[in-house]
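Reading the structure
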Amino acid sequence: MQLGILYALLAYIIWGLLPLYIKSVHGVAPLEILLHRMVWSLVFLGAILLWRRHFGWLRQVATNPRLILGFAASAALLCGNWFIYIWAVSANRVVDASLGYFINPLFSVLLGVVFLHERLRPGQWLSIAVAASGVLWLTLSAGQLPWIALALAGTFGGYGLLRKTGALGALEGLSLETLILFPVAAIALGYLIMTGQDTTRSAALGTQFLLLMAGPVTAVPLLFFAAGARRIPLSLLGLLQYTGPTLQLLLGIWLWHEPFPAQKQLGYALIWISLAIYAAESFWAARRTPLAAAIDGEYRQKE
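All values reported here derive from a predicted model rather than from experimental measurement.

This part is about the side chain of Q248. If you trace the backbone, Q248 turns up in helix α13 (residues 243-255). Excluding residues that lie within four positions of it along the chain, Q248 makes contacts with W15, G16, P19, Y85, V94, A97, S98 and Y101.

This part takes up the nonpolar core. By size, the foremost hydrophobic cluster in this structure holds 45 residues, and its most contacted members are I22, M38, Y85, L152 and L168. It is helix α5 (residues 65-90) that contributes the most residues to this core, 11 residues altogether. Among all residues touching Y85, those that are not within four sequence positions of it are W15, L18, P19, I22, A97, Y101, L152 and Q248. Core analysis: the next-biggest nonpolar cluster, separate from the first, contains 20 residues, A131, L138, Y242 and L249 among them.

The next point concerns the layout of surface pockets. By volume, the second largest pocket is sized at about 300 Å³. Around the second largest pocket, the lining comprises 16 residues; the ones closest to its centre are D96, L138, A142, Q144 and K264. Looking at the lining of the second largest pocket residue by residue, the class counts come to 10 nonpolar, 3 polar and 3 charged.

Mapped onto the present numbering, the UniProt feature "domain: EamA" (unreviewed entry) falls at residues 3-139. Between the end C-alpha atoms of residues 3-139 there is a gap of 41 Å, over a span that is 85% helix and 0% strand.

Because each turn of an α-helix spans 3.6 residues, side chains separated by three or four positions end up pointing in the same direction. In this model, helix α8 (residues 147-164) (18 residues) spans 25 Å end to end at C-alpha, consistent with the 26 Å of a helix rising 1.5 Å per residue. Within α8 the residues assigned to the buried category are I148, A149, L152, A153, T155, G157, G158, Y159, L161 and R163. Where α8 is buried, its residues meet α5, α6 (94-115) and α9 (170-194).

Moving on, we come to the confidence of the model for the protein chain. When pLDDT is averaged along the protein chain, the result is 86; 93% of the residues meet or exceed 70. Within the protein chain, the lowest mean pLDDT, 68, falls on helix α12 (residues 234-240), and the highest, 95, falls on helix α2 (residues 18-24). Within the model, the stretch residues 291-303 combines pLDDT values under 50 with 0 contacts to residues more than four positions away or in other chains.

What follows deals with a nonpolar patch on the surface. Taken together, the side chains of L31, F83, W87, L145, W147 and L150 present a nonpolar region at the surface, about 540 Å² in accessible area. Looking at the nonpolar patch, the elements that each hand over two or more residues are α5 and α8.

Under the definition given, this model contains 1 cavity of 30 Å³ or more. Volume-wise, the largest cavity comes out at about 50 Å³. Together, L18, Y21, I22, I33, R37, I86, A214, V217 and T218 line the largest cavity. Contributions of two or more residues to the lining of the largest cavity are made by α2, α3 (30-52) and α11 (214-229). Broken down by class, the residue content of the lining of the largest cavity amounts to 7 nonpolar, 1 polar and 1 charged.

Turning our eyes to something else, we now look at the pattern of salt bridges. If you walk through the whole model with that rule in mind, you get 5 salt bridges. The salt bridge involving K264 is made with D96; its shortest N-O contact spans 3.0 Å. On the criterion of sequence distance, the pair formed by K264 in helix α14 (residues 262-302) and D96 in helix α6 is long-range, its members being 168 residues apart. The buried category is assigned to D96, whose relative accessible area is 16%. As a salt-bridge pair, E281 and R121 come within 2.5 Å of each other at their nearest N and O atoms.

A few words on the environment of R37. Mapped onto the secondary structure, R37 falls in helix α3. Residue classification places R37 among the buried positions, given a relative accessible area of 9%. Separated by 137 residues in the primary sequence, R37 and L174 have C-alpha atoms spaced 13 Å apart. Beyond its immediate chain neighbours, meaning those up to four positions away, R37 contacts L18, W82, I86, A214 and T218.

This part is about the packing of helix α10 (residues 205-212) against α11. The relative placement of two packed helices is expressed as an angle between their axes plus a distance between the axes. Their axes nearest at 4 Å, the elements α10 and α11 cross at an angle of 40°. On α11, the residues touching L210, L211 and L212 of α10 are A214, G215 and P216.

In this section: the side chain of S74. Summarising the element assignment, S74 is placed in helix α5. Taking the relative accessible area as the measure of exposure, S74 reaches 1% and is therefore buried. A polar atom in the side chain of S74 sits 2.9 Å from the backbone oxygen of F71. At 2.8 Å, the side chain of S74 and the side chain of E177 are in polar contact. When near neighbours in sequence (up to four residues on either side) are disregarded, S74 contacts Y159, L162, R163 and E177.

What counts and how
- Residue numbers restart at each chain and count upward from 1, following the sequence in its written direction.
- Owing to the predicted nature of the model, reporting of local features is limited to residues with pLDDT of at least 70; listing and counting of side-chain atom pairs is limited to 80 or more, with chain, interface and lining totals taken over all residues.
- As a convention, hydrogens and water are excluded, and side-chain values are obtained from all of the structure's heavy atoms.
- Strands are runs of DSSP state E lasting at least two residues, helices are runs of H or I lasting at least four, and both sets are numbered from the N terminus onward.
- Between two residues, a contact is recorded if the distance between any of their heavy atoms is within 4.5 Å.
- To qualify as a nonpolar core, a set must consist of buried Ala, Val, Leu, Ile, Met, Phe, Trp, Tyr and Cys residues joined through side-chain atoms within 4.5 Å.
- Relative accessibility thresholds used throughout: buried, under 20% of the residue-type maximum; exposed, over 50%; partly exposed, between the two (1.4 Å probe, protein chains only).
- Lining residues are defined by having an atom within 4 Å of a point belonging to a cavity or pocket. Those points lie on a 1 Å grid over the protein atoms alone, cavities being sets where a 1.4 Å probe fits but cannot get out and pockets being open sets with protein on both sides within 12 Å along at least five of seven lines.
- Grid points are joined across faces, edges and corners, and a volume is the space filled by probe spheres set on the points.
- When residues are grouped by polarity, Ala, Val, Leu, Ile, Met, Phe, Trp, Tyr, Cys and Pro land in nonpolar, Asp, Glu, Lys and Arg in charged, and all others, Gly among them, in polar.
- UniProt positions are given in the numbering used here, feature names are shortened, and annotations may be inferred rather than shown by experiment.
- Expected helix span is taken as 1.5 Å per residue step, with the number of steps being one fewer than the number of residues.
- Each residue carries a pLDDT value, the predictor's own confidence for that position, ranging from 0 to 100.
- Grouping into patches uses exposed residues only, defined as over 30% relative accessible area, and leaves out salt-bridged ones; the cut-off is 9 Å for like charges and 5 Å for nonpolar side chains (Val, Leu, Ile, Met, Phe, Trp, Tyr).
- Throughout, the Shrake-Rupley method with a 1.4 Å probe supplies accessible areas, and for residues the shown protein chains are the sole cover considered.
- Counted as salt bridges are all cases of a side-chain nitrogen of Lys or Arg within 4 Å of a carboxyl oxygen of Asp or Glu.
- To obtain an axis, a line is fitted to C-alpha atoms, over the contacting stretch when the element is a helix, and the angle between two such axes runs from 0 to 180 degrees between their N-to-C directions.
- Under this definition, polar contacts are N or O atom pairs within 3.5 Å; protein pairs additionally need one hydrogen-donor-capable and one acceptor-capable atom, and for neighbouring residues in sequence, both atoms have to be side-chain atoms.

What follows is the structure, given as structure tokens:
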């Protein structure tokens, strides 16, 4: 349990500090950062697979076109999520990006209702209603939808839905997704370099090194997350996941001094209240289930 908590926290801390990495490669266009991330992620994951000699799953993929199509869709959503996030951080919208990952769990719950026909308890519906009121307030106070947050929550929520119904594990699934994205990314990056439109070659040596590190920056937290998820309850994992957006929010406000006026604070407060309701309701339901099972078992024994 303790090791699982450590792994999960490491994953969420790395994701929470990811804006520091993106800011450190300043001067490189968001699209170019994305292309490097797609290319070097496959190189890094390929090295892990080679070290573990873990290529047997590729036979399952080669004989299953439907599986490939499903992971092509999840790869497209992942690519879109990466680009929106990189652009948001580069455009000094870290606070807005953090909101997307605060509301993502509730968005995923709604996707489960729509596509997996999952049933929600009254407390979960209340949580979603409060979050929706927060988004509505942010829209009315700003005069526009918080589109960055909604786009991040939508793409990552959809990605999670496809991965939940996929047939591959974390390492294999991400490897297949980056394998699908690699040809497009390599061709696009090669075109930028050949036509002199890239900024990588003219960047400082430290920036070039950081771009090469895009692979481990992408894959390592995911591997930590997968290791943690296997060792701790889902309810605890759900509570720990707010570490990431909290760190992002604090970085945006305190380090980069992004505006966070009272109107926006009220909208965020409503969403935090909804998350507290959701967490408390989930904890109560998790405690109630074993108790109900024990009472039912005692009743059956008496019969």
